Amino acid sequence: MKKIYYGKKTEAAIRNFPFPANKVHLELIYGIAEVKKATAIGHYKAGELPKPYAQAIVQAADEIIAGKFDEQFVTCAIQGGAGTSIHMNVNEVIAVRATEIHANGHKIHANDEVNMGQSTNDVNPTALKIVCIRLTQEVLTSLDYVITAFDDKAKKYKHVRKIGRTHLQDAVPTTIGAECASYRDILKRNKKRIKEAQNYLYDLSLGGTAIGNSVNASEAYMQHTYQELQRITNLPIKRAKNMMSQTSSSSDFCQLSAVLNILFTDINKIANDLRFLASGPYGGIGEISLKELQPGSSIMPGKVNPIIPESMNQIAYDIMGKNLTIHQAATNSYLELSLMFPVMSEAMITMLKMSSSGLFVFATHCIQYLKPNEKRCEELLENSTTYATLFSPQLGYDTVSKIVKEAVAEQKSFREIVLAKKLLTEENFEEITRPN
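Residues numbered from 1 in each chain as written. Predicted model: local features only at pLDDT ≥ 70, side-chain atom pairs only at ≥ 80, totals over all residues. Heavy atoms only, no water.

So, on to the pattern of salt bridges. Applying the stated criterion to the full structure yields 28 salt bridges. One salt bridge in this structure joins Arg231 and Glu228, with 2.7 Å as the shortest N-O distance. Of the two residues, Arg231 and Glu228 both sit in helix α8 (residues 219–233), 3 residues apart, roughly one turn of that helix. Among the ionic pairs, Lys269 bridges to Asp273, the shortest N-O distance being 2.5 Å. Highlighted residues: Lys269 and Asp273, both in helix α10 (residues 251–277), separated by 4 residues, approximately one helical turn. Residue Lys269 is classed as partly exposed on the basis of its relative accessible area, which comes to 39%. Connected through salt bridges with shared partners, the residues Lys3, Glu63, Arg97 and Glu100 form a single ionic network. (Salt bridge = Lys/Arg side-chain N within 4 Å of Asp/Glu carboxyl O. Helix = DSSP H or I, 4+ residues; strand = E, 2+ residues; numbered from the N terminus. Buried < 20%, exposed > 50% of the residue type's maximum accessible area, 1.4 Å probe, protein only.)

Pasting the structure below:
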């Protein structure tokens, strides 16, 4: 049987929060361990912690970061106390392991030494911000795959004419390339929003302790700790000008969740568009084809469904729900502490991981293989009245309206009526309808 490294405070959390939810994300545990490593060195350099104790804490933290104690982090992700049990689980494991490493009869204390000059209220949000910065970068990388995939399709299929639709009704001509370029630029705007939200994560409250006014945290400790944390994480993190404002508000996490929500509002729309355009293929629109990945039915032989766009829809719904959770958690903060950290961190980390994974799959399993059915696009376009608007400047709105009504009544294309009436030559018609 493996040794148990956590202690009584973690055991109390196991008893008090026996909910059938996920365990705390290991990314957060590793982030807290990085903070503990930086604070141990900070206290040593400030002359507040003996070097052997600091070295033992650092080694224990490094082992946690390396994944050697993953099974020791056992608290439920949903819990009371602003995540105190999450924090103490890490403190206790570090303390026991550091005592083993030091091995000279001194018991390293989870509160007095591992948690020296710290509080759950500054450690946990600091660790979460570090995790979110990294996971946001993964989202941006995956988003770039989607943007590049649409850019490739925009260039490749700029010549493929098709019907453009409004209100799900035939409207005016466009091209497959133009639609893909539109999606590309929609997602580029989302990328800008995410980067802006990411910038707010670099301001930290570490050193603010319980309410942000640095009770029990010396200035020397804070200066050394931030230098170490920058080195350990390789991130340009810095102490917030007003740490109390960081402790009492979670709006930085709200902004990040909000821009992810906006991103997946657009992803959901794009996924729906692709499902619509690929519908059929014979009884629907059928203007594009998506890669066939697996059978779509247990009863209908040969049926294939747009499973990746459908999964993007469902990821979007999940992210919208988590965004609401995060905003509700932030709203229910009181006085000097934003106390609903556990559910917020669970939702935030899951949201980011699901976003990056989903975007990567969308790019590599769906958009990369998107191709137009050019014959179908041309057939629908030519048999429609969508060219009509292009001729209003030459023929006038009223004349074109009459031609459209005649085409619908006689079930003929707009082209057929115009050429039959000799209002334009074939060459004139082609010139006017040529894609830009």
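In terms of nonpolar packing, the biggest core is built from 111 residues, with Leu28, Leu187, Leu256, Leu263, Met348 and Phe362 touching the most fellow members. Among the elements that make up this core, the one with the highest residue count is helix α6 (residues 120–156) (16 residues). Excluding residues that lie within four positions of it along the chain, Leu263 makes contacts with Val139, Leu143, Leu187, Asn190, Ile194 and Leu359. (Core = buried A, V, L, I, M, F, W, Y, C linked by side-chain atoms within 4.5 Å. Contact = heavy atoms within 4.5 Å.)

Turning our eyes to something else, we now look at the environment of Ala77. Following the sequence through the fold, Ala77 ends up in the loop between α3 (51–65) and α4 (84–102). Looking at Ala77, the relative accessible area reads 4%, which means it is buried. Placed 225 residues apart in sequence, Ala77 and Gly302 show a C-alpha to C-alpha distance of 43 Å. In this structure, Ala77 is in contact with Asn22, Lys23, Val24, Pro342, Val343 and Glu346, ignoring residues within four places of it in sequence.

Before going further, it helps to examine the packing of aromatic side chains. Each pair of aromatic rings is reported with the distance of its centres and the angle of its planes. Enumeration over the complete set of coordinates arrives at 7 aromatic pairs. Relative to Phe19, the ring of Phe17 has its centre 6.2 Å away and its plane inclined at 45°; by these criteria the two rings are tilted. On the basis of an interplanar angle of 45° and a centroid distance of 5.5 Å, the ring pair of Phe391 and Phe414 is categorised as tilted. Here Phe414 lies in helix α16 (residues 414–420) and Phe391 lies in the loop between α13 (374–382) and α14 (392–395), a separation of 23 residues in the sequence. Taken together, the ring pairs in this structure connect Tyr387, Phe391, Phe414 and Phe429 into an aromatic cluster. Here the guanidinium or amino end of Lys3 rests over the ring plane of Tyr5, the centre of that ring lying 5.0 Å away. (Phe/Tyr/Trp six-rings, centres within 6.5 Å; stacked < 30°, edge-to-face > 60°. Lys NZ or Arg CZ within 6 Å of the ring centre and 35° of its normal.)

If you trace the backbone, Gln246 turns up in helix α9 (residues 243–248). Along the primary structure Gln246 and Asp122 are separated by 124 residues, whereas in three dimensions their C-alpha atoms are 8.7 Å apart. Setting aside chain neighbours within four positions, we find Gln246 in contact with Lys129, Asp203, Ser205, Ala240 and Asp252.

Attention shifts here to the packing of helix α1 (residues 8–16) against α4. The N-to-C vectors of α1 and α4 enclose an angle of 145°; their axes lie 8 Å apart at closest approach. Between α1 and α4 lies a crossing whose hand is left-handed. Facing Lys8, Lys9, Thr10 and Ala13 of α1, the residues of α4 in contact are Ser85, Met88, Asn89 and Glu92. Classifying every residue of the contact of α1 with α4 by side-chain character gives 2 nonpolar, 3 polar and 3 charged. (Axes fitted to C-alpha atoms, helices over the stretch in contact; angles between N-to-C directions. Left-handed = near helix turned anticlockwise from the far one by under 90°. Nonpolar A, V, L, I, M, F, W, Y, C, P; charged D, E, K, R; others polar.)

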